[in-house]
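Coordinates in review
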Amino acid sequence: YPYTHVVASKTHWPALTDTDFEKLDRKYFSRAMVIIRNPVHAIPSYFNALFEQRNHLSTHTVRAPTEDWIKYRDEVYDGRLRLYEEMMIYWMEKYPDRQSLLLVPYEALTDTTMGPIVAGQIADFLRQGEGVPVIEPEGVACVWDTLINTKGNGSQRTGGPSQ
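So, a few notes on the structure that sits alongside this text. (Residues numbered from 1 in each chain as written. Predicted model: local features only at pLDDT ≥ 70, side-chain atom pairs only at ≥ 80, totals over all residues. Heavy atoms only, no water.)

This part covers the packing of helix α4 (residues 115-127) against helix α5 (residues 140-150). Remark: α4 packs on α5, axes separated minimally by 9 Å, with the N-to-C direction vectors making an angle of 115 degrees. Crossing hand, α4 versus α5: right-handed. Residue-level contacts link Gly-115, Pro-116, Ala-119, Gly-120 and Ala-123 of α4 to Val-140, Ala-141 and Trp-144 of α5. Across the contact of α4 with α5, the residue classes tally to six nonpolar, two polar and no charged. (Axes fitted to C-alpha atoms, helices over the stretch in contact; angles between N-to-C directions. Helix = DSSP H or I, 4+ residues; strand = E, 2+ residues; numbered from the N terminus. Left-handed = near helix turned anticlockwise from the far one by under 90°. Contact = heavy atoms within 4.5 Å. Nonpolar A, V, L, I, M, F, W, Y, C, P; charged D, E, K, R; others polar.)

In this section: the packing of aromatic side chains. All chains considered together, the criterion is met by six aromatic pairs. Measuring from ring centre to ring centre gives 6.0 Å for Trp-69 and Tyr-72, while their planes differ by 40 degrees; the resulting arrangement is tilted. On the criterion of helical spacing, the pair formed by Trp-69 and Tyr-72 is a turn pair, its members being three residues apart in helix α2 (residues 66-94). Among the aromatic residues, those joined into a cluster by ring pairs are Phe-47, Trp-69, Tyr-72 and Tyr-77. It is Arg-31 that lies over the ring of Phe-125; its NZ or CZ is 3.8 Å from the centre. (Phe/Tyr/Trp six-rings, centres within 6.5 Å; stacked < 30°, edge-to-face > 60°. Lys NZ or Arg CZ within 6 Å of the ring centre and 35° of its normal.)

Laid out in structure tokens, this is it:
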């Protein structure tokens, strides 16, 4: 593995991709923070991303047609839910001590009330790591507000199903 310090890696895992995190040896990752989006929202969002990619559209701009979503949902939804369950089991078994694992609900991170609190928990977790500079605690809520409220909260997609 070419990296000695990884702070973040965005993925749509457990979506079927070329990346298989189960092949990663724990020696490369002594700790992990996993931001988990509720699969009720994540699966349709992933489908919309696939639709945009297949149609050469900018990301987070449109939702797939409802009839396409219904067909996809009926074919794969249960399987995708099983993948989410397997993913959660994977991370829980990989870091059984819980001091080395932070599970962050995406919905809490982007919530106006809980978001700054969750951002503080993330900062505290990162602060415990080696070689990771982290903003001072009093600045966390401001950074959260800038990222979530100024940069936009969630998708700018229009049309089609949102869940």
